[in-house]
Amino acid sequence: GAVLDVKIPLHRSTNKLEQSVLRLLWLAGIEASHVTTTVGPEQEYFIIDRALRNLRPDLVLSGRTVFGAPPPKGQELQDHYFGAVKDRLLCFMRDFEMSAIRLGLPIKTRHNEVAPAQHEIALVYESAARATDHNIILMELMRQLAIKHDLACLLHEKPFARFNGSGKHVNWSLATDSGLNLLDPVAVPDNSLPFLILLTAILHAVHRHSALLRASVASAANDYRLGGHEAPPAIMSVYLGEELEGLLSDIEQGRIAKKVVRGKY
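This section reports on the structure supplied with the text. The structure presented is a predicted model; accordingly, all values stated were derived computationally and were not measured. (Residues numbered from 1 in each chain as written. Predicted model: local features only at pLDDT ≥ 70, side-chain atom pairs only at ≥ 80, totals over all residues. Heavy atoms only, no water.)

What to know about the packing of helix α6 (residues 193-208) against helix α8 (residues 242-253)
Selection rule: Structural elements are reduced to axes, namely lines fitted to C-alpha atoms, with helices fitted over the stretch in contact, and the angle between N-to-C directions of any two is expressed from 0 to 180 degrees. Helix and strand assignments come from DSSP, with helices taken as H or I runs of at least 4 residues and strands as E runs of at least 2, each series counted from the N terminus. Angle categories are assigned with fixed cut-offs, so that under 35 degrees is roughly parallel, over 145 is roughly antiparallel, 65 to 115 is roughly perpendicular, and the rest are oblique. Contacts: residue pairs with any heavy atoms within 4.5 Å of one another. Note that Gly is not counted as nonpolar here; it falls among the polar residues with everything else outside the nonpolar set of Ala, Val, Leu, Ile, Met, Phe, Trp, Tyr, Cys and Pro and the charged set of Asp, Glu, Lys and Arg.
Contact geometry for α6 and α8: axes closest at 12 Å, N-to-C directions at 95°. Between α6 and α8, the crossing angle belongs to the class labelled roughly perpendicular. Of α8, the residues touching α6 (which contributes Phe195, Leu196, Leu199, Thr200 and Leu203) are Leu244, Leu247, Leu248 and Ile251. Class assignment of the residues belonging to the contact of α6 with α8 gives a composition of 8 nonpolar, 1 polar and no charged.

As structure tokens, this is what we get:
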């Protein structure tokens, strides 16, 4: 009875979630026969010259630096984020993007990140199980094609001290087979009840299972990323924004909720 495949718990949880959400939609009078847990992963990575990487035994053996001087250029001004992509790196990006598309990976965006030599690629939202597979394939593809361009693709969570790491931003939502994004406050016109119920259920789940959520990402490597610019904190929390927080506060206090401008979400 033991589960050998590490993806089985993911499939079981998505199936259980689908059953509960379908019951909610039926009670709210919304037609749907299938609900998918969707994920849109953003993959950060560092690209450096392969010859320079080979000069660092710590980087070659462990994927991260364990000694060295402080970086001469930091990321305080975020100037790298707004800078142009170098031609050599752009050739590499186009190469692995075209290879990814040929493999069926739904590539969407590319851009610089705030640390020097740091970049990011994002995939279109798809089912959580499929997005997991595609992210793993994408990382392997990037590593292999970097060699072709005499580059090294670093995917360690913290390859350089005092810089951001190669993390993932996992954008998560729920979608119906009819095309509704259930975590969009205005997905169902004139019926905000499903969104509010799902929102409060997620808040309750994070509060109740925060230790489990924290443990699920508490690998030795990933904990190097904690704290700092764009890195997650060690304490689990939820930020809703002023509009949603105000809306929930009005409901909790029994006040008439203020009308929220749609474009602010």
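Quick look at the pattern of salt bridges
What counts is decided by this rule: Salt bridge, as applied in this entry: a Lys or Arg side-chain nitrogen positioned within 4 Å of an Asp or Glu carboxyl oxygen. With a 1.4 Å probe rolled over the protein chains alone, any residue whose accessible area is under 20% of its type maximum counts as buried; one over 50% counts as exposed, and the rest are partly exposed.
One pass over the structure, following the stated rule, counts 9 salt bridges. Taking the shortest distance from any N to any O, the salt bridge between Glu97 and Arg110 comes out at 2.8 Å. Note that Glu97 is positioned in helix α4 (residues 87-102) and Arg110 in strand β2 (residues 107-112), a separation of 13 residues in sequence. Its relative accessible area of 11% is what places Glu97 among the buried residues. With a shortest N-O distance of 3.0 Å, Glu140 and Arg143 are connected by a salt bridge. Here the residue Glu140 and the residue Arg143 both occupy positions in helix α5 (residues 128-148), the gap between them amounting to 3 residues, near one helical turn.

So, unusual backbone geometry
With phi around 60°, Asp150 is a residue other than glycine that occupies positive phi space. Secondary-structure assignment places Asp150 in the loop between α5 and β5 (151-154). With phi around 70°, Arg162 is a residue other than glycine that occupies positive phi space. Residue classification places Arg162 among the exposed positions, given a relative accessible area of 64%.

Quick notes on the nonpolar core
It is characteristic of soluble globular proteins that their nonpolar side chains tend to be buried jointly. Heads up, the condition is: Throughout, nonpolar core names a set of buried Ala, Val, Leu, Ile, Met, Phe, Trp, Tyr and Cys residues whose side chains join them through atoms within 4.5 Å.
In terms of nonpolar packing, the biggest core is built from 21 residues, with Tyr45, Phe92, Phe96, Leu138 and Met142 touching the most fellow members. Contributing elements (two or more residues each) for this core: β1 (35-49), α4, β3 (118-123), α5 and β5. Ignoring sequence-local partners within four residues, the contact set of Leu138 consists of Phe96, Ala100, Leu105, Ile107, Ile121 and Leu123. With 11 residues, the next largest nonpolar core counts Val21, Leu24, Leu180 and Val188 among its residues.

Details of the side chain of Asn222
Here Asn222 shows up in the loop between α7 (210-216) and α8. Classification of Asn222 by relative accessible area gives buried; the value is 19%. The contact partners of Asn222, leaving out residues within four places of it in the chain, are Glu157 and Val217.

A short note on the packing of aromatic side chains
Each aromatic ring pair is described using two quantities: the centre-to-centre distance and the angle formed by the ring planes. Basically, it comes down to this: Two aromatic rings, drawn from Phe, Tyr or Trp (for Trp, its six-membered ring), form a pair once their centres lie within 6.5 Å of each other, and the interplanar angle then sorts them: stacked below 30 degrees, edge-to-face above 60, tilted otherwise. Two conditions define a charge located above a ring, namely a distance within 6 Å from the ring centre to NZ of Lys or CZ of Arg, and an angle within 35 degrees of the ring normal.
Here the structure, examined in full by the defined rule, presents 4 aromatic pairs. With 6.2 Å between their ring centres and 85° between their planes, Tyr45 and Phe96 make a pair best called edge-to-face. You can see Tyr45 sitting in strand β1 and its partner Phe96 sitting in helix α4, a full 51 residues away along the chain. Of the two residues, Tyr45 and Phe96, neither departs from the other in class, the shared state being buried. When the centroid spacing of 5.4 Å and the interplanar angle of 70° are considered together, the rings of Phe46 and Phe160 count as edge-to-face. With a gap of 114 residues between them, Phe46 in strand β1 and Phe160 in the loop between β5 and β6 (168-176) connect regions that are remote in the sequence. What makes Phe160 buried here is its relative accessible area of 19%. The rings of Tyr45, Phe92 and Phe96 are connected pair by pair, giving a single aromatic cluster. A cation over an aromatic ring shows up here: Arg56 above the ring of Phe67, its NZ or CZ 4.6 Å from the ring centre. Looking at Arg64, its charged tip hangs above the ring of Tyr224, at a distance of 3.9 Å from the centre.

Observations concerning α5
Stated precisely, the cut-off is as follows: Expected helix span is given by 1.5 Å per residue-to-residue step, counting one fewer step than there are residues.
The end-to-end C-alpha distance of α5 is 31 Å, a good match for the 30 Å that 21 residues give at a rise of 1.5 Å each. All of the buried residues in α5 are Ala128, Ala129, Ala131, His134, Asn135, Leu138, Met139, Leu141, Met142, Leu145 and Ala146. Remark: Asp150 follows α5 within two positions and exhibits a positive phi of approximately 60°.

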